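Summary of the model geometry
The chain contents come next:
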Amino acid sequence: MADRLAALPPDVRCGLARLWALLPDARLVGGVVRDLLAGRAVADIDMATPEPPERVQAILAAAGVKVVATGLAHGTVTAVIDGRPYEITTLRRDERTDGRHAVVAWTADWQEDAARRDFTINAMSCDRDGVVHDYFGGRVDLAAGRVRFVGDASARIREDALRVLRFFRFHARYGRGVPDAAAMAAIGACRDGLARLSAERVWSELRRILAGPAVVATLALMDESGVLACLLPEGCDLPALERLIATGAPDDPVLRLAVLARAAPDMLAGRLRLSRAETAALAAVRSGAPPDPAMDEDGRRRLLADEPAQALVGRSWRLQAERLGARSAAWDALRADLLARARPVFPLAGRDLVEAGMTPGPQVGQVLAQVRGWWHAGGCRAGRRECLAYLERLVAAGPAA
């Protein structure tokens, strides 16, 4: 493992060297150890230490290291070195769990801390000398492509029901072949615990599953175990998602959710507590004027005048999946064209009508809509002068117009 540590980016190596000089008993833990062993890119750098969090803070501050108390109740502080965060957590044991939250106490026992983690591949640690400490066979499981709970799978799920979704996410990324039988049995028996989780936590995991690898196979496993019905009880259309992926569509989780789930967009958005932007994107994929590669210039301009290009692009992927279910140069060209175009903007506003002699009131909006309808029908090409001329004709013609 020492050679893999040496292959980390120079700034990370320097940061770790500084932290290990201050906290020599600290170890790398969790995902960073797993991904170094798997030869994958490392994202976050997490460490653990037997030192209590207040002492960790004091040591770092005394050495001039910026430290942020990101989660003192759970023993976590974040050291920031050259702009990069290093999360450092005191070794813990669970005192009480309720399926969502845990009350923890500090410990100096590395195996006790590892025993509270979810999967064997996430329970390894690595010291400053590059020695990997593996109490539950995580290294063998990683090499075998096996995602296995630490200890009793049902107990781990009862501690935190979100581990059900994490299992499927990690199996998609690190698993090979048939999933662990003990894990799947425990998931089937404990899946009702998902109902106690917050919508935000569920969506945080589900969106990562949707954006991840082997998504159709993973969702099929979730369906077989009854988990998918717990999350999306109105039903899902896995063949539709498979057709979407066959088009070469991006791995956007909202796009995939829009095609997969049968529930109405507002129901989905409420159940999963989607952000405003995600809710708007979901609705745009599901409904609105249909873009089509056969559209002429004016038709494309009309679409863009009514909706942003990104909304149209999302919808185009759904339509391509429904109509074709395969890659298409014509559909790709349509999306590229929509994204490259400047969005037509209607050149008049209500004040222009008042300046033209209309009395402020509801009729202003009605006439403005008439002018915009004329502009829209003409391919959104008329400029301000042409629109004002048409407005003058409408005003001159009177209410009958």
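For the structure, see preceding data.
1. Brief notes about the overall build of the protein
- Within the protein one finds 22 helices and nine strands.
- Here the C-alpha radius of gyration of the protein, 28 Å, is well above what a compact globule of 401 residues would show, namely 21 Å.
- Its C-alpha atoms put the protein at 90 × 50 × 40 Å along the principal axes.
- A burial count over the protein gives 47% of its 401 residues as buried.
- In the protein, the proportion of contacts linking residues at least 24 apart, taken out of those at least 6 apart, comes to 62%.

2. Quick word on the packing of helix α21 (residues 362-377) against helix α22 (residues 384-397)
- The N-to-C vectors of α21 and α22 enclose an angle of 130 degrees; their axes lie 10 Å apart at closest approach. By the angle class used here, α21 and α22 are oblique. Crossing of α21 over α22 shows right-handed handedness. On α22, the residues touching Val367, Gln370, Val371, Trp374 and Trp375 of α21 are Glu386, Cys387, Tyr390, Leu391, Arg393 and Leu394.

3. A few points about the pairing of strand β5 (residues 84-90)
- Sheet topology places strand β2 (residues 45-49) next to β5; five bridges connect them, and they run parallel. Bridging from a neighbouring strand, isoleucine 45 pairs with tyrosine 86 of β5.
- Pairing analysis gives six bridges linking strand β4 (residues 76-81) to β5, with the strands arranged antiparallel. By the bridge assignment, threonine 78 is partnered in β5 with glutamate 87.
- Count of turn residues in the β4/β5 antiparallel hairpin: two residues, of which aspartate 82 carries a positive phi of about 50 degrees.

4. Observations concerning the packing of aromatic side chains
- Inspection of every chain in the model, using the stated rule, returns nine aromatic pairs.
- Feature note: the residues Phe119, Phe149, Phe167, Phe168, Phe170 and Tyr174 constitute an aromatic cluster, connected by ring pairs.
- Over the ring of tryptophan 110 we find arginine 27; its NZ or CZ atom is 4.0 Å from the centre of that ring.
- Over the face of the ring belonging to tryptophan 317 we find arginine 335, whose NZ or CZ atom lies 3.3 Å from the ring centre.

5. Here's the deal with the sheet that holds strand β8 (residues 125-126)
- Spatially, the seven strands line up as an open sheet ordered β3-β4-β5-β2-β1-β8-β9, and their pairing is mixed. Each edge of the open sheet is held by one strand with a lone partner, namely β3 (66-71) and β9 (132-133).
- Relative to β4, β3 is paired through four bridges, and the arrangement is antiparallel. The partner of lysine 66 across the bridge, within β4, is valine 80.
- On top of the sheet, helix α3 (residues 31-38) reaches β1 (27-29), β2, β8 and β9; it is set at about 85 degrees to β1, its chief contact.

6. Some points on unusual backbone geometry
- In this structure, aspartate 82 is a non-glycine residue whose phi angle is positive, near 50 degrees.
- Examined against the element boundaries, aspartate 82 turns out to sit in the loop between β4 and β5.
- Here cysteine 380, not a glycine, exhibits a phi torsion of approximately 60 degrees, which is positive.
- Here cysteine 380 lies in the loop between α21 and α22.

7. As for the side chain of arginine 92
- Locating arginine 92 in the fold gives a position in strand β6 (residues 92-97).
- Salt bridges are absent for the buried arginine 92, whose nearest opposite-charge side chain, aspartate 113, sits at 4.6 Å.
- Among residues more than four places away in sequence, those in contact with arginine 92 are His74, Val104, Ala105, Trp106, Thr107, Glu112, Asp113 and Arg116.

8. Points about the packing of helix α11 (residues 215-224) against helix α13 (residues 238-246)
- Axis separation between α11 and α13 bottoms out at 10 Å; the angle between their running directions is 170 degrees. The angle between the axes of α11 and α13 places the two elements in the roughly antiparallel class. In this structure, α11 contributes Val215, Val216, Leu219, Ala220 and Asp223 to the contact, and α13 contributes Leu238, Leu241, Glu242 and Ile245.
- When grouped by side-chain class, the residues that make up the contact of α11 with α13 number seven nonpolar, no polar and two charged.

9. What to know about helix α8 (residues 163-174)
- For α8, spanning twelve residues, the distance from its first C-alpha to its last is 15 Å, which sits close to the expected 16 Å at 1.5 Å a residue.
- Among the twelve residues of α8, ten are classified as buried, and the element is accordingly described as predominantly covered.

10. Points about helix α9 (residues 181-190)
- By the burial criterion, the buried members of α9 are Ala183, Met184, Ala186, Ile187 and Cys190. The arc enclosing the buried residues of α9, seen along the axis, measures out at 165 degrees, which places them on a common side. Looking at α9, the residues exposed on the side facing more than 90 degrees away from the buried face are Ala181, Ala185 and Ala189.
- Those residues of α9 that are buried lie in contact with α7 (153-159), α8, α11 and α12 (227-231).

11. Regarding the pattern of salt bridges
- Inspection of every chain in the model, using the stated rule, returns 24 salt bridges.
- Residue aspartate 337 is joined to arginine 341 by a salt bridge in which the shortest nitrogen-to-oxygen separation is 2.8 Å.
- Put simply, Asp118, Arg166, Arg169 and Glu205 are held in one network by salt bridges that share partners.

Basis of the calculations
Residues numbered from 1 in each chain as written. Predicted model: local features only at pLDDT ≥ 70, side-chain atom pairs only at ≥ 80, totals over all residues. Heavy atoms only, no water. Helix = DSSP H or I, 4+ residues; strand = E, 2+ residues; numbered from the N terminus. Rg over C-alpha atoms; globule rule 2.2 N^0.38 Å. Buried < 20%, exposed > 50% of the residue type's maximum accessible area, 1.4 Å probe, protein only. Contact = heavy atoms within 4.5 Å. Axes fitted to C-alpha atoms, helices over the stretch in contact; angles between N-to-C directions. Parallel < 35°, antiparallel > 145°, perpendicular 65-115°, else oblique. Left-handed = near helix turned anticlockwise from the far one by under 90°. Pairing = 2+ DSSP bridges. Phe/Tyr/Trp six-rings, centres within 6.5 Å; stacked < 30°, edge-to-face > 60°. Lys NZ or Arg CZ within 6 Å of the ring centre and 35° of its normal. Lys, Arg positive; Asp, Glu negative; His and termini not counted. Salt bridge = Lys/Arg side-chain N within 4 Å of Asp/Glu carboxyl O. Nonpolar A, V, L, I, M, F, W, Y, C, P; charged D, E, K, R; others polar. Expected span 1.5 Å × (residues − 1). Arc of directions from axis to C-beta.

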